[in-house]
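Structure assessment
The chain contents come next:
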Amino acid sequence: MENPSNGGEWQHVPSSDLSAGSAPASNVYASSGSGYPPPNDPNYPPPQGGGYPPPQGGPPQGGPPPGDGLSPTAAAALAYVTIIPAIIFLVMDPYKRIALVRFHSLQCLFFAAAAFVIDIVAVIILHILSHIPVLGCAVILLWPLIGLAYLGAWILCVFKASKGEYFKLPIIGDLALKMSQQV
């Protein structure tokens with residue numbers, strides 16, 4: 001262990017050099033400076049007041065009390081991480097009653113369904129047009145752009161949901177808003 005008062009250096013003091021009443025014989029290390037007394041010293045005063053004082057103004061504010069789960073904005077943003085959290089938030093009791101979480105969960109499900117349908121149609125079109133030499137290459141180059149569009153929309157949805165905003169994607173956002181207000 002290090003002595004905080006003299007830069008971490010300890011001096012070995014033989015037990016014969018210790019005075020009879022200052023410390024037990026088992027404590028053969030003593031600091032050379034005026035640091036804290038060892039905890040087993042009978043002259044060591046106990047701390048006054050029982051520890052640290054409570055913070056001024058109570059516990060910190062800004063989030064839900066412990067044990068209440070996620071905040072609505074965190075749950076809304078988390079709904080976009082695959083469809084599993086979105087489904088869980090639609091059936092789980094505290095979250096299914098929050099309009100923001102319900103809207104973003106529904107929009108995530110509709111976005112995933114729309115992406116699935118668009119991917120199926122794109123694969124069919126890609127397969128048909130891949131037999132045409134020049135047009136097939138152009139269509140193959142569009143595939144990564146579709147993926148980037150999905151990624152951009154997903155990041156934007158997560159960001160807006162984390163801010164507590166009702167960001168609506170075209171077509172599916174209106175449907176999600178209408179369905180989230182029905183419950």
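Given the structure is predicted, the values throughout are model-derived calculations rather than measurements. (Residues numbered from 1 in each chain as written. Predicted model: local features only at pLDDT ≥ 70, side-chain atom pairs only at ≥ 80, totals over all residues. Heavy atoms only, no water.)

A look at the overall build of the chain
In terms of regular secondary structure, the chain is built from six helices and two strands. Starting at the N terminus and ending at the C terminus, the chain contains elements arranged as β-β-α-α-α-α-α-α. Out of the 183 residues in the chain, the part that is buried amounts to 21%. Contacts in the chain between residues far apart in sequence, at least 24 positions, make up 55% of those at least 6 positions apart. Counting only carbon and sulfur atoms, one obtains 69% of the accessible surface of the chain, whose full area is about 12800 Å². (Helix = DSSP H or I, 4+ residues; strand = E, 2+ residues; numbered from the N terminus. Buried < 20%, exposed > 50% of the residue type's maximum accessible area, 1.4 Å probe, protein only. Contact = heavy atoms within 4.5 Å. Areas by Shrake-Rupley, 256 points an atom, 1.4 Å probe, with all protein chains shown as cover.)

Some remarks on the pattern of salt bridges
Once the charged atoms of two side chains with opposite charge are near each other, the side chains can pair. Throughout the structure, instances matching the rule amount to three salt bridges. Its salt-bridge partner being D93, residue R97 comes within 3.8 Å of it at the nearest N-O pair. Owing to a relative accessible area of 58%, R97 belongs among the exposed residues under this scheme. (Salt bridge = Lys/Arg side-chain N within 4 Å of Asp/Glu carboxyl O.)

Examining a nonpolar patch on the surface
A cluster of nonpolar side chains, contributed by L70, L78, V81, L142, L145, L148, L151, W154 and I155, occupies part of the molecular surface with about 780 Å² of accessible area. The element that contributes the greatest number of residues to the nonpolar patch is helix α5 (residues 133-162), accounting for six residues. One can find W154 in helix α5. (Patch = residues over 30% accessible without salt bridge, like charges linked within 9 Å, V, L, I, M, F, W, Y side chains within 5 Å.)

Overview of the packing of aromatic side chains
Following the criterion strictly, the structure yields three aromatic pairs and no others. For the ring pair F111 and Y150, a centre distance of 6.2 Å and an interplane angle of 90 degrees mean the geometry is edge-to-face. On the criterion of sequence distance, the pair formed by F111 in helix α4 (residues 99-129) and Y150 in helix α5 is long-range, its members being 39 residues apart. No difference in accessibility class separates F111 from Y150, as the two residues are buried. (Phe/Tyr/Trp six-rings, centres within 6.5 Å; stacked < 30°, edge-to-face > 60°.)

Concerning the side chain of S180
Here S180 lies in helix α6 (residues 172-182). Side-chain polar atoms of S180 contact the backbone oxygen of L177, separated by 3.0 Å. Once residues within four sequence positions are removed from consideration, S180 is found in contact with R102, F103 and L106. (Polar contact = N/O pair within 3.5 Å; in protein donor to acceptor, adjacent residues only side chain to side chain.)

A short note on the nonpolar core
Among the nonpolar cores identified, the biggest contains 23 residues, and F89, F111 and L169 are the most heavily contacted of them. Secondary-structure elements contributing two or more residues to this core are α1 (72-78), α2 (83-91), α4, α5 and α6. Examining the composition of this core, we find that eight residues originate from one element, α4, more than from any other. The residues contacting F111, other than those within four sequence positions of it, are Y150, A153, W154, L169 and I172. (Core = buried A, V, L, I, M, F, W, Y, C linked by side-chain atoms within 4.5 Å.)

Overview of the packing of α4 against α5
One way to put it is that α4 packs onto α5 with a least axis distance of 10 Å and a crossing angle of 175 degrees. What the angle tells us is that α4 and α5 run roughly antiparallel. Where α4 abuts α5, its residues H104, Q107, F111, A115, I118, D119, A122, V123, L126 and L129 lie against L135, G136, V139, I140, W143, I146, Y150, A153, W154, C157 and A161. Class assignment for the residues of the contact of α4 with α5 results in 17 nonpolar, three polar and one charged. (Axes fitted to C-alpha atoms, helices over the stretch in contact; angles between N-to-C directions. Parallel < 35°, antiparallel > 145°, perpendicular 65-115°, else oblique. Nonpolar A, V, L, I, M, F, W, Y, C, P; charged D, E, K, R; others polar.)

A few points about the confidence of the model for the chain
Taken over all residues, the pLDDT of the chain has a mean of 76, while the share at 70 or more is 62%. This model gives residues 25-31 a pLDDT under 50, and the stretch forms 14 contacts once residues within four places in sequence are excluded. (pLDDT = per-residue confidence, 0-100.)

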